[in-house]
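Geometric and topological summary
So you can see what is in the structure, the chains are spelled out below.
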Amino acid sequence: MGAGREERRVVPGKTSGFGGGASAQGRTGARKHVMAVARVKGQRAGGTPNMAAARAVARGPGADARRPLSPQAARGPRLLLLLAVVAAVGPQEGGGARLYRVGEDAVWLLDSGSVRSATGNSSAAWLVQFHSSWCGHCIGYAPTWRALAADVRDWAAAIRVAALDCAEEKNQDVCRTYDIHFYPTFRYFRAFTKEFTTGENFKGPDRELRTVRQTMIDFLQNHTEGSRPPACPPLDPIQSSDILSFMDSHSGQYHAVVFESNGSYVGREVILDLIPYDNIMVSRALDTDKAFLGTLGISSVPSCYLIYPNGSHGLVNVAKPLRSFFSSYLKSLPDVRKKSLSLPEKPNKEENSEVVIWKEFDRAKLYTADLESGLHYLLRVELAAHRSLAGAQLKTFKDFVTVIAKLFPGRPPVKKLLETLHEWLANLPLDKIPYNAILDLVNNKMQISGLFLTSHITWVGCQGSRLELRGYPCSLWKLFHTLTVQASTHPEALVGTGFEGDPQAVLQTMRRYIRTFFGCKECGEHFEEMAKESMDSVKTADQAVLWLWRKHNMVNSRLAGHLSEDPKFPKVPWPTPDLCPVCHEEIKGLDSWDEEQVLVFLKQHYSRDNLVDTYSVDQGSPGEWEGMGRRQEEGKGLNPSGKAWGHQDTESLRPAHILGPRTDLSKSLHHRLDLRLQSPQGPQTLEEAKAVVPFLGVGFSSLDMSLCVVLYVASSLFLMIMYFFFRVRSKRWKVRLYHPAV
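Now for a quick tour of the structure. (Residues numbered from 1 in each chain as written. Predicted model: local features only at pLDDT ≥ 70, side-chain atom pairs only at ≥ 80, totals over all residues. Heavy atoms only, no water.)

1. Here we look at unusual backbone geometry
Just so we agree on the cut-off: To qualify as a helix, a DSSP run of H or I must reach at least 4 residues; to qualify as a strand, a run of E must reach at least 2; elements of each kind are numbered from the N terminus.
Tyr-183 connects to Pro-184 through a cis peptide bond whose omega is -10 degrees. Looking at the element boundaries, Pro-184 is found in the loop between helix H4 (172-177) and strand E5 (185-189). The residue after Trp-574, namely Pro-575, is reached through a cis peptide bond having omega 5 degrees. If you trace the backbone, Pro-575 turns up in the loop between helix H17 (541-559) and strand E17 (584-587). One non-glycine residue with positive phi stands out, namely Asn-444, at about 55 degrees. Position of Asn-444 relative to the elements: it lies in the loop between helix H13 (435-442) and helix H14 (472-489). Of note, the phi angle at Arg-470 is positive, near 65 degrees, even though the residue is not glycine. Note that Arg-470 resides in the loop between H13 and H14.

Here it is in structure tokens:
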């Protein structure tokens, strides 16, 4: 994959991404190559807030390529390579992408195991970007965030710029704990905060580097005197009398005073720039006392006035009155030395390496692995960011599950799981559902035979030349195209769902899902604009197929050249002429579409007959579920009390067909609990409930507990029936044997 040495010719294919992930398909017979990506396991060092980065470095497309060997020479190394993949990559292969490079970027990388310890009771404030590495807007914003972190590198003792990737499945619970629903989300964390907090939202008018930097200063100044980071010097302006006292004190160190207007940030920026430097102190003063400024010879602001260690003083002469000029001059003064800084640690490249094998695929085919991996991420990561679903969110989710359950053309166990989820949601008599209960069913905690959804991320047609490219957005596009095609070719599948006869059923359901749940907020807003503009013109199911195809190509055109575009799979109009020659025609010298042929192609490409199971995870593999269970246990997030989120807080829920006639049981129990809470002993009852429920729920999911309740009630009813039966029978027996005395 090295530049100028590429042996695999890539033909432009389909590009995709809701504003983010490029999603072109690769060329048939692509040669195998290996991308070595440095992975760093973040851990705290010495008990300080210094975080080692948590994720690996995404190299450029030509950074780590290897020339393919001959089959004879490569057979042995390839076997070792496959073993390395099993050991090093495992179920996380292709999962988390890397927007920030450990040891190269000044961004502090956090994860589920470090974010709480880093931001809690820290001696420095934190600005954390919660992002998703597949989100196109996050990819596009990454250079700004890297530049910001580098620009304020010297401020680290007072405030640190960090990032946490919510696309990593191990971070799923912690992102939900911090109420992260859209990407990127920016949160400030004050220094010395002992209680759990989700942070303060960034409220700047824009996210340009200067705006964020100035908002960071405002945030530092909003700290109270007792909670201000100890390394942060005073940022408020000093008076003229203070400056005169500095001139008379002969303190033995440099003292610089930046004179500026009231709305200027230059002085405060220079103060923070000089934090890690010894033998110099910086203050700021306003230009309100014109007479005093005249005495010092200051005719314009901003200006810097320097008091030397020997007591002499004078105006600093720089080429331009800018922050960078002032800071550079002061840092270069004799005897001004930089202290050691606590910065993100560099990874040990020998110990932390991950091997990813490129998968050969046919871009004319649709891969089951892409669709199933997309469903896995959608159900277990993206939607799981919500602690519970209610109201419009629950309605959107139910409708979305209905559509995919009826139209998903994948393997039977996956379809059965979706059908079971649909049936359960349709019959559940609750208007609010904790998402943990949905996860219990998706993860098949009940171990119902024949239900399966991979917990592996395996991108095939959606793999990218770098880990952060393509992936989930690509799979989501493929899923939506597949649903529109299935609705057109199999309209009978939606009979009885309330969607029959509605040509916009899939599009409108998809639209509400993107608006409500899709993590990239900017991408969702772009899609909503396209929907408002023309979705109402769709009158048939075939028109729905073509509408989505047109809008997909519009997104490709808009994002061509964007940082989220995979350089190996450029965003070009799709299908390309080599995939569908009849789809293209030339009118008056211009390339044009034959939409009738495009429709034929789309119906064939996204049909069940074109779906290939190559690279799909083996269904029912014991290791699949065991590995998923381990990751869930290791990746548990923290609730506000600091304890792990468990299933004991999940309401007792079971599918209606399992509960049978007693679907009112949970309502009855809730009603009885409400009555008890309204009694004089209500508060005590609540405390008892809090104490008892976790104890009773140890080792059991909500579904396990609900099943126990159902079995207990059923057993009690059976014993009562048997008791009354034998009681009545015994009376009849006594009457029959009674003989009156003569």
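2. Details of the sheet that holds E5
Put simply, the test is: One requirement defines pairing of two strands: DSSP has to find at least two bridges between them. Two residues form a contact once any of their heavy atoms are found within 4.5 Å. To obtain each axis, a line is fitted to C-alpha atoms, and for helices this fit is confined to the stretch in contact; angles are then taken between N-to-C directions over 0 to 180 degrees.
Strands sit in the order E2-E4-E3-E5-E6 across an open sheet of 5 strands; the sheet is mixed. The strands lining the two open edges of the sheet, one partner per strand, are strand E2 (108-110) and strand E6 (200-201). Contacting strand E3 (125-131), strand E4 (159-165), E5 and E6, helix H5 (residues 209-221) crosses the sheet at an angle of about 30 degrees to E5.

3. Let's talk about the packing of aromatic side chains
Put simply, the rule reads: Planes of paired rings set the category: under 30 degrees apart is stacked, over 60 is edge-to-face and the rest tilted, where pairs are Phe, Tyr or Trp rings (Trp by its six-membered ring) whose centres lie within 6.5 Å. Only protein chains enter the accessibility calculation, which uses a 1.4 Å probe. A residue is then buried if its area is under 20% of the maximum for its type, exposed if over 50%, and partly exposed in between. Any Lys NZ or Arg CZ that is within 6 Å of a ring centre and within 35 degrees of that ring's normal is treated as a charge sitting over the ring.
All told, the structure shown has 26 aromatic pairs when counted by the stated rule. Here the aromatic rings of Trp-134 and Tyr-183 are separated by 6.2 Å at their centres, their planes lie at 90 degrees, and the arrangement is edge-to-face. With a gap of 49 residues between them, Trp-134 in the loop between E3 and helix H3 (136-151) and Tyr-183 in the loop between H4 and E5 connect regions that are remote in the sequence. By relative accessible area, Tyr-183 is classed as buried at 5%. Between the aromatic rings of Tyr-254 and Tyr-308, the centroid separation amounts to 5.9 Å while the plane-to-plane angle is 65 degrees, which identifies the pairing as edge-to-face. Here Tyr-308 lies in the loop between strand E10 (303-307) and strand E11 (313-315) and Tyr-254 lies in strand E7 (residues 254-260), a separation of 54 residues in the sequence. The class for Tyr-308 is partly exposed, based on a relative accessible area of 30%. Through successive ring pairs, a cluster of aromatic residues spans Trp-134, Tyr-183, Tyr-377, Tyr-472 and Phe-518. Over the ring of Tyr-265 we find Arg-268; its NZ or CZ atom is 4.2 Å from the centre of that ring. Over the face of the ring belonging to Phe-569 we find Arg-470, whose NZ or CZ atom lies 4.4 Å from the ring centre.

4. Quick notes on the state of the cysteines
Here is the rule: Note on terminology: disulfide denotes any pair of cysteine sulfur atoms within 2.5 Å.
For the coordinates displayed, the defined rule picks out 4 disulfides. With a sulfur-sulfur separation of 2.1 Å, Cys-520 is cross-linked through a disulfide to Cys-523. A torsion of 60 degrees about the S-S bond marks the disulfide between Cys-520 and Cys-523 as right-handed. The burial state of Cys-520 is the same as that of Cys-523; both residues are buried.

5. Looking at the pattern of salt bridges
In plain terms, the rule: Take a side-chain nitrogen of Lys or Arg and a carboxyl oxygen of Asp or Glu: if they are within 4 Å of each other, that pair is a salt bridge.
One pass over the structure, following the stated rule, counts 27 salt bridges. With a closest N to O distance of 3.6 Å, Lys-290 and Asp-287 form a salt bridge. Taking the relative accessible area as the measure of exposure, Asp-287 reaches 15% and is therefore buried. Bridged by salt links that share partners, the residues Asp-151, Arg-213, Glu-269, Asp-273 and Arg-323 form one connected network.

Shape is all these values report; function is a separate question.
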